[in-house]
Amino acid sequence: MLYKTLAETYEKLSSTTKRLEKIDILAEFLEKVSEKDGELLYLLQGEIYPEYDERKIGISNQLAIKALSKATGTNSKKIIQEWKKIGDLGEVARKLTKTKSQTTLQTHILTTQKVIENLRKLPDLEGKGTVDKKISLITELLTSASSIESIYLMRTLIGDLRIGVQESTIKYAIIKAFFPNEENADEIVQRAIDKSNDITEIFQLARKKKLKELENISLEVGKPIKAMLAQKAASIEQAFEALGKPMAVEYKYDGFRLLIHKNKDKIILFTRRLENVTKQFPEVVDYIKEYIGGESFILDSEAVGFDRKTKQYTGFQAISQRIRRKYDIEKVQDKLPVEVNIFDILYYNGKSQLDKPFEERTQLVRKIITNHPYKIIASKMIITSDEKEVNKFYKEALANNQEGVMLKNLKAEYKPGRRVGNMLKLKPEQRDFDLVITGAEWGSGKRSGWLSSFNLSCKSGKEFLEIGKVGTGISEKETEDNKITFQTLTELLKPHIIAEKGKEVTIKPKVIVSVTYQEIQKSPNYKSGVALRFPRFVALREDKPLAEITTLEDIEAELGSQRKESWKYG
Ligand code: ATP
């Protein structure tokens, strides 16, 4: 397909904010996409491979600017000036390409295949001359691009497509285009997406109108799958009403989610963000080999930290850095040990377990694991119909430094990637929020060279809205207890800067942090209408996907209950 056709579709999609209109535009477009062009579905999400694949385009703004400079014969400084004025490198590319095309004739015609081919070479490049090779691959595309193509090429390169298309928009467009009259298409396509996590695979089956084959998509060991998420329980009583009697009650471990895949000798560990973290946890790989039976399986678990001396559990914060750590693994492994708590099984010896009831799955978990406390165990669980027993277990979990309990319907199936009513969490009032950094300020004095005050945003529909700034809780120097430093945050954020004005920078929403606060207030200063008083940095949430951060609704609900409390006691 001509890249121009895709670029025109992007343009149409950006011209409306209405979801239904976007679905119509996309459905009409998808009908025209042939089998051989199926991979362009990745481009619709700004990617070049399925979401879970680690090969990302990964081009910095600077590199993109250099390539644009080469392709259009414009000085980089001038491009940066324009960028600061317009605030979007895509629009800058459009403007410069327009001027250029008046003077030269375009020689090549871009196809989506050529774009994918060049972009896919980028993450594979290594070693000497990498930067130059990258620039020449991008320049080749930009030189052949018309002005409308250049906007979206540029935005794709820097990972900021701005067309407002989410996975669900593509799902509904697929249904509209290929299964307009099938009643249960929504459920089937959603389940197929949850299991495959590969939008091109889904598209290819859908375009042949094979609903049955979509239904039969199976899990694959080694291919990451999205974890099932929980809803909040209002009370134990309400949980029994929602889940039935008896229900399973487990510790809600305060660690991070680990999905464990094993096929014979090959073991892969994924986070909830579908990141492969096998290298970071060699001891966990050994535990799985030694203490869990079965040829092949996919297990769901939570890894928690503990203190070797006191055997007390430590919180998520203490071990979060292990997810990122790529060197001196043995040292951190020794200092920050984890215990893996297995609580579910999705696949076992060649068969999916998703449709089996939880009681069968949890029995299987308990059958194949030999418990080794402080290494790997089946999660602590009781099955009960008695409120008092649940309460006692809940208190015990809290006394053991865990977050609370998870309450589970014994008859329920496993639904990947969904926040379902069959699994509820019960924990003391929410004390922290998981927010994304969308801006910052360059520091001065002792903090010069680092980003210092960080703008925090919550999610509201498709937007990210600011609710405060945080600077406390972050350390200037490396500390014994491994507090996050300004330097670490700066290094993480710098590649995502999308605009700069004086000391202030705008940052692409990528880096997620947990913060506590003293109070939530109404605030006319923010578009969100709320502000956090005295926010304090607690931890990096590198395990959490952007789609799952705290929403404005969560915060407003918290504000409401805060008021009720103060009315009650104030
Ligand atoms: P929170 O910030 O409260 O952990 P969350 O948004 O990260 O919430 P939820 O879906 O609300 O995630 O809560 C479920 C999380 O709790 C799971 O993602 C998992 O990491 C963790 N967890 C700990 N113990 C269990 C357990 N026994 N069963 C299921 N999930 C558990």
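Parameters and conventions
- Residues numbered from 1 in each chain as written.
- Predicted model: local features only at pLDDT ≥ 70, side-chain atom pairs only at ≥ 80, totals over all residues.
- Heavy atoms only, no water.
- Helix = DSSP H or I, 4+ residues; strand = E, 2+ residues; numbered from the N terminus.
- Buried < 20%, exposed > 50% of the residue type's maximum accessible area, 1.4 Å probe, protein only.
- Contact = heavy atoms within 4.5 Å.
- Near = heavy atom within 4 Å.
- Polar contact = N/O pair within 3.5 Å; in protein donor to acceptor, adjacent residues only side chain to side chain.
- Areas by Shrake-Rupley, 256 points an atom, 1.4 Å probe, with all protein chains shown as cover.
- Core = buried A, V, L, I, M, F, W, Y, C linked by side-chain atoms within 4.5 Å.
- Domains from an automatic or database assignment.
- Salt bridge = Lys/Arg side-chain N within 4 Å of Asp/Glu carboxyl O.
- Axes fitted to C-alpha atoms, helices over the stretch in contact; angles between N-to-C directions.
- Parallel < 35°, antiparallel > 145°, perpendicular 65-115°, else oblique.
- Left-handed = near helix turned anticlockwise from the far one by under 90°.
- Buried area = accessible area lost by both parts, 1.4 Å probe.
- Patch = residues over 30% accessible without salt bridge, like charges linked within 9 Å, V, L, I, M, F, W, Y side chains within 5 Å.
- Lys, Arg positive; Asp, Glu negative; His and termini not counted.
- Charge placed at Lys NZ, Arg CZ, Asp CG, Glu CD.
- Phe/Tyr/Trp six-rings, centres within 6.5 Å; stacked < 30°, edge-to-face > 60°.
- Lys NZ or Arg CZ within 6 Å of the ring centre and 35° of its normal.

Q: Quick question: what am I supposed to make of the environment of Gln562 here?
A: Residue position: Gln562 is located in helix 22 (residues 552–569). Classification of Gln562 by relative accessible area gives partly exposed; the value is 21%. Sequence separation between Gln562 and Glu519 is 43 residues, and the spatial gap between their C-alpha atoms is 8.2 Å. Apart from the residues lying within four places of it in its own chain, the contact partners of Gln562 are Tyr517, Glu519 and Ile520.

Q: Explain the site of the ligand here, please?
A: Close to the ligand lie 19 residues; Glu250, Arg257, Glu302, Lys425 and Lys427 are nearest. Within the backbone of Tyr251, one N or O atom sits 3.0 Å away from a nitrogen atom of the ligand. Considered on its own, the ligand offers 600 Å² of accessible surface; in the complex 94% of this is hidden by protein. Among the secondary structure elements, those contributing two or more residues to the shell around the ligand are strand 1 (229–232), strand 2 (247–252), strand 11 (404–408) and strand 12 (419–426).

Q: Looking at this model, I keep getting lost on the nonpolar core. Mind explaining?
A: Grouped burial of nonpolar side chains is what soluble globular proteins tend to show. Membership of the largest hydrophobic core comes to 75 residues, with the highest contact counts inside it found for Leu30 and Leu214. When residues of this core are sorted by domain, at least three fall in each of domain 1 (3–157) and domain 2 (167–215). If near-sequence neighbours (up to four positions away) are discounted, Leu214 is found in contact with Phe179, Ile188, Val189, Ala192, Ile202, Leu205 and Ala206.

Q: I would appreciate a short explanation of the side chain of Asp254 in the present structure.
A: Within the element layout of this structure, Asp254 appears in the loop between strand 2 and strand 3 (256–263). Ignoring sequence-local partners within four residues, the contact set of Asp254 consists of Glu302, Val304, Thr314, Gly315, Phe316, Asn401, Gln402 and Glu403.

Q: Looking at this structure, how should I read the pattern of salt bridges?
A: When the charged atoms of two side chains with opposite charge come close together, those side chains can pair. Applying the stated criterion across every chain, the model contains 42 salt bridges. Between Glu117 and Lys121 there is a salt bridge, and its shortest N-O distance comes to 3.7 Å. A residue pair is termed a helical-turn pair when its members lie 3 or 4 positions apart in one helix, as Glu117 and Lys121 do in helix 7 (residues 112–121) at four residues. Take Lys121: its relative accessible area is 38%, and that puts it in the partly exposed class. With a shortest N-O distance of 3.4 Å, Glu167 and Lys226 are connected by a salt bridge. Placement of the pair is Glu167 in helix 10 (residues 167–178) and Lys226 in the loop between helix 13 (211–215) and strand 1, with a sequence separation of 59 residues. According to the relative accessible area criterion, Lys226 is buried, its value standing at 19%.

Q: Hey, could you run me through the environment of Ile148 in this one?
A: Tracing the sequence through the fold places Ile148 in helix 9 (residues 147–157). Taking relative accessible area as the criterion, Ile148 reaches 18% and is therefore assigned buried. Residues Ile148 and Glu8, spaced 140 residues apart in sequence, show a C-alpha to C-alpha distance of 7.4 Å.

Q: Mind showing me how you'd approach helix 21 (residues 486–493) here?
A: Since there are 3.6 residues in each turn of an α-helix, residues three or four apart along the chain are aligned in direction. Among the residues of helix 21, those classed as buried are Phe486, Thr488, Leu489, Thr490 and Leu493. Its buried side turned inward, helix 21 meets helix 17 (321–324), strand 13 (432–442), strand 14 (451–460), strand 16 (497–501), strand 17 (504–507) and strand 21 (536–540).

Q: It is not clear to me how the environment of Ile555 should be interpreted in this structure. Could you clarify?
A: Here Ile555 is to be found in helix 22. In this structure the C-alpha to C-alpha distance between Ile555 and Gly127, which are 428 residues apart in sequence, comes to 47 Å. Apart from the residues lying within four places of it in its own chain, the contact partners of Ile555 are Phe433, Leu435, Cys458, Ile467, Ile520, Val530 and Thr550.

Q: Hey, could you run me through helix 9 in this one?
A: Most of helix 9 sits out of view: 10 of its 11 residues are buried. Directly beyond the C-terminal end of helix 9, a positive phi value near 70 degrees is found at Gly159.

Q: What am I meant to see in the packing of helix 2 (residues 19–31) against helix 10 here?
A: Packed helices, taken two at a time, are described by the angle between their axes plus the distance between the axes. Put simply, helix 2 and helix 10 touch, their axes get as near as 8 Å, and they point 55 degrees apart. By the angle between their axes, helix 2 is oblique relative to helix 10. Crossing angle aside, the handedness with which helix 2 passes helix 10 is right-handed. Between helix 2 and helix 10, the contacting residues are Arg19, Lys22, Ile23, Asp24, Leu26, Ala27, Leu30 and Glu31 on the first element and Ser168, Thr169, Ile170, Tyr172, Ala173, Ile174, Lys176, Ala177 and Phe178 on the second.

Q: Any chance you could explain the domain arrangement of the protein chain here in plain terms?
A: Accessible area lost when the parts come together is the quantity often used to give the size of an interface. Taken domain by domain, the protein chain comprises domain 1 (3–157), domain 2 (167–215), domain 3 (229–426) and domain 4 (432–569). On a C-alpha basis, the centroid separation for the pair domain 3 and domain 4 is 28 Å. With 14 residues of domain 3 at the interface, the matching set in domain 4 holds 15 residues. Buried area between domain 3 and domain 4, summed over both chains or domains, comes out near 1,300 Å², and the portion from carbon and sulfur atoms is 44%. When the area that domain 3 buries against domain 4 is broken down by residue, the three leading residues are Arg272, Arg273 and Arg324, summing to 45%. Linking domain 3 with domain 4 are two salt bridges, by the criterion used here. A salt bridge links Arg324 to Glu542; the shortest N-O distance between them is 2.5 Å. One can count six residue pairs in polar contact (both at pLDDT 80 or more) joining domain 3 with domain 4. Every element with two or more residues in the side of domain 3 that touches domain 4 is listed here: helix 16 (316–319) and helix 17.

Q: Explanation requested: a negative patch on the surface in the structure shown.
A: A surface patch of negative charge is lined by Glu237, Glu241, Asp386, Glu387 and Glu389. Structurally, the position occupied by Glu389 is in helix 20 (residues 387–399). Accessibility expressed as a relative area gives 38% for Glu389, which makes it partly exposed.

Q: How should I be thinking about unusual backbone geometry in this particular structure?
A: Here the residue pair Lys245 and Pro246 is connected by a cis peptide bond, since its omega of -10 degrees sits within 30 degrees of zero. Among the secondary structure elements, Pro246 is positioned in the loop between helix 14 (236–243) and strand 2. We note that Asp328 has phi near 45 degrees; this positive angle belongs to a residue other than glycine. Relative to the elements of secondary structure, Asp328 occurs in the loop between helix 17 and helix 18 (329–335). Even without a glycine there, the phi angle at Asn401 is positive, about 65 degrees.

Q: Which parts of the structure should I look at to understand the packing of aromatic side chains?
A: Two measures describe an aromatic ring pair: the distance that separates the ring centres and the angle between the ring planes. Applying the stated rule across the entire model yields 11 aromatic pairs. Seen from their ring centres, Phe433 and Tyr517 are 4.8 Å apart, and the 15 degrees between their planes marks the pair as stacked. Note that Phe433 is positioned in strand 13 and Tyr517 in the loop between strand 18 (512–516) and strand 19 (519–522), a separation of 84 residues in sequence. The two residues Phe433 and Tyr517 agree in class, both being buried. The structure contains a cluster of three or more aromatic residues connected by ring pairs, namely Tyr251, Tyr253 and Phe393. The residue whose ring lies beneath Lys245 is Phe240, and the NZ or CZ to ring-centre distance is 5.1 Å. The ring centre of Phe316 lies 4.9 Å from the NZ or CZ of Arg541, which sits over that ring.

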